[in-house]
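Examination of the molecular architecture
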Amino acid sequence: MKFNIATIPGDGIGPEVIEETILVLNKIGEIYGHEFSFQEVLAGGIAIDKTGKPLPEETVEVCKNSDAVLLGAVGGPKWDTLPGDQRPEKALLGLRGALGLYANLRPAVLYTALKEASPLRSDIVEQGIDICVVRELTGGIYFGERGRKKEGKMGEEAYDTEAYSVGEVERIARTAFEIAMKRDKRVTSVDKANILESSRLWRSVVVEVAKDYPEVALDHMYVDNAAMQLIRYPQQFDVIVTSNMFGDILSDEASMLTGSIGMLPSASLAEGNLGMYEPIHGSAPDIAGENKANPIATILSAAMMLRYSLQLDKEAQVIEEAVIKVLEKNYRTGDIMSKGMTLVGTQEMGKLIVGELK
Ligand SMILES: NC(=O)C1=CN([C@@H]2O[C@H](COP(=O)(O)OP(=O)(O)OC[C@H]3O[C@@H](n4cnc5c(N)ncnc54)[C@H](O)[C@@H]3O)[C@@H](O)[C@H]2O)C=CC1
Ligand SMILES: CC(C)CC(=O)C(=O)O
Ligand SMILES: [Mg+2]
């Protein structure tokens, strides 16, 4: 079959990890007789440099007309002094909004081969970690009203607004319960309902949605406690459903349980089949251009793309198995390196994974 994939390499390590991922997809195409047609488009800092805008209209159009979107990362120090609404990161929010990508799935799985890379106590690590963070992606404080007021009690004030509607919470809660039904049937809803009105609404809507899923055990946790519990005893979590900002923060934390942020993929899903797939990390300016970035998060994001947008389950599994095989052969990028392992760069890791595809 033929599939049209929009690719957005973006900035920093984005182009490096996307390049390896395209090699993996091309090899999958060759083995299974699919044609992946890649159309590269601009977003982020590179788009600002080339067009003056972080998210050109053409990019949105190409993405809307594709079967799926694969993104590296955007942002970097070069653009840090720009006003908030002109920054590269605005492209991400713009794309998520324009494509209606309200559900962000971030699976944190500790591979057996990487147990030594986890910073957790060995008795905790031995039990294995498999958590799915379901993050609301088109609402909350990243999309709320923001601005500045010239006069405040102590001078100029700045504000950002967290707001959620019943409809927004209901659809993300439903996504989380549907996912839990295919897993261990446990949902933890994370909020700050002891303080925030938006969290109180969130909690009441999640309780209502839960009534449609009597087989799923639901509990609630305040976000500060959840941040601590993730380290103390991660096995207590199966599916975590939470708001845009809490999910952003908790998933970076959860990534470390699996060894590195360079391991965690994500799928951002809309109502239909269209989805955007990206590693959860950013553009990592500190290692950009040095062939040091771990491409596995992006390669596993491509596997999620095959599974969720292209319905190629078998091919997705083949990619995931190839990643495991390379890790079992003790190859490591710097972020997951430990004693006795073989250190490889971004490109070598990509080629090793391609070599394991069967
Ligand atoms: N989805 C996106 O495009 C995102 C973009 N950003 C942007 O990226 C820029 C840098 O942000 P940071 O806060 O530094 O977060 P970051 O995720 O880019 O980097 C944090 C740390 O993790 C390391 N790291 C990240 N990905 C890695 C990989 N694949 N392999 C090995 N090490 C990796 C980096 O070297 C750095 O030490 C900023 O402009 C930020 O706004 C941040 C998060 C998400
Ligand atoms: C750069 C932000 C807009 C987003 C972010 O950190 C993320 O989605 O993980
Ligand atoms: Mg983030």
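Since this is a predicted model, take the numbers as computed values, not measurements.

1. Examining the overall build of the protein chain
- Counting its secondary structure elements, the protein chain contains 12 helices and 14 strands.
- A compact globule built from 358 residues should have a C-alpha radius of gyration of about 21 Å, and the protein chain, at 20 Å, falls within 12% of that.
- Here the C-alpha coordinates of the protein chain stretch approximately 60 × 50 × 40 Å along the principal axes.
- Burial statistics for the protein chain: of 358 residues in total, 49% are counted as buried.
- In the protein chain, 75% of the contacts between residues at least 6 apart in sequence involve partners at least 24 apart.

2. Side note on the site of ligand 2
- Around ligand 2, the neighbouring residues are Glu89, Leu92, Leu93, Asp248 and Ile280.
- For the shell around ligand 2, the element with the most residues is helix 4 (residues 89-98), which contributes three residues.
- Of the residues assigned to the shell around ligand 2, the class counts are three nonpolar, no polar and two charged.

3. Observations regarding the nonpolar core
- Counting 105 residues, the largest nonpolar core has Val134, Ala302 and Ile319 as its most contacted members.
- Shared between two domains, this core takes at least three residues from each, and those domains are domain 1 (1-106 + 282-358) and domain 2 (119-257).

4. Some remarks on the site of ligand 1
- Every one of the 21 residues lining ligand 1 counts as a neighbour, but Gly75, Gly262, His281, Gly282 and Asn294 are closest to it.
- Looking at the shell around ligand 1, its residues break down into 10 nonpolar, seven polar and four charged.

5. Structural notes on helix 7 (residues 197-210)
- A rise of 1.5 Å per residue sets the reference length of helix 7, with its 14 residues, at 20 Å; its end C-alpha atoms lie 20 Å apart and thus fit the reference within 8%.
- For helix 7, the full list of buried residues reads Ser198, Ser199, Trp202, Val205, Val206 and Val209. Looking straight down helix 7, one finds its buried side chains confined to an arc of 125 degrees; they lie on one side. Exposed residues pointing more than 90 degrees away from the buried face of helix 7 are listed as Glu197 and Ser204.
- Looking at the buried residues of helix 7, the elements they touch are helix 6 (166-181), strand 8 (186-191), strand 9 (217-222) and strand 10 (239-242).

6. With respect to the sheet that holds strand 5 (residues 130-136)
- In spatial order, the strands read 2-1-3-12-11-4-5-10-8-9; together these 10 strands make up an open sheet with mixed pairing. The sheet is open, and its two borders are formed by strand 2 (35-40) and strand 9, each paired with just one other strand. Pairwise comparison of adjacent strand axes, ignoring direction, gives a mean angle of 25 degrees for this sheet.
- When strand 11 (residues 267-269) meets strand 12 (residues 275-277), the two strands line up antiparallel, connected through three bridges. For Ala267, the partnering residue across the bridge sits in strand 12 and is Tyr277.

7. Re the UniProt feature "binding site: Mg(2+)" (unreviewed entry) in the protein chain
- Cross-referencing UniProt, the feature "binding site: Mg(2+)" (unreviewed entry) maps to Asp224, Asp248 and Asp252 in the present numbering. Taking the farthest pair of C-alpha atoms as the criterion, the annotated set spanning 29 residues converges on one region, since that pair is 14.5 Å apart.
- The residue Asp248 is located in helix 9 (residues 244-257) in this model.
- On the neighbour-count criterion, Asp248 (19 C-beta atoms within 10 Å) is partly exposed.

8. Notes on the packing of helix 1 (residues 14-32) against helix 11 (residues 313-328)
- Packing of helix 1 against helix 11 leaves a shortest axis separation of 11 Å and a crossing angle of 130 degrees. Regarding the angle of helix 1 to helix 11, the classification is oblique. The hand of the helix 1/helix 11 crossing is right-handed. Taking contact as the criterion, the partners of Val24, Ile28 and Tyr32 in helix 1 are, on helix 11, Glu315, Val318 and Ile319.
- When its residues are assigned to classes, the contact of helix 1 with helix 11 shows five nonpolar, no polar and one charged.

Rules of the game
- Residues numbered from 1 in each chain as written.
- Chains lettered and ligands numbered in written order.
- Predicted model: local features only at pLDDT ≥ 70, side-chain atom pairs only at ≥ 80, totals over all residues.
- Helix = DSSP H or I, 4+ residues; strand = E, 2+ residues; numbered from the N terminus.
- Rg over C-alpha atoms; globule rule 2.2 N^0.38 Å.
- Buried ≥ 20, exposed ≤ 12 C-beta atoms within 10 Å, placed from the backbone.
- Contact = placed C-beta atoms within 7 Å.
- Near = placed C-beta within 6 Å.
- Nonpolar A, V, L, I, M, F, W, Y, C, P; charged D, E, K, R; others polar.
- Core = buried A, V, L, I, M, F, W, Y, C linked by C-beta atoms within 7 Å.
- Domains from an automatic or database assignment.
- Expected span 1.5 Å × (residues − 1).
- Arc of directions from axis to C-beta.
- Pairing = 2+ DSSP bridges.
- Axes fitted to C-alpha atoms, helices over the stretch in contact; angles between N-to-C directions.
- UniProt positions renumbered as here; feature names shortened; annotations may be inferred.
- Parallel < 35°, antiparallel > 145°, perpendicular 65-115°, else oblique.
- Left-handed = near helix turned anticlockwise from the far one by under 90°.

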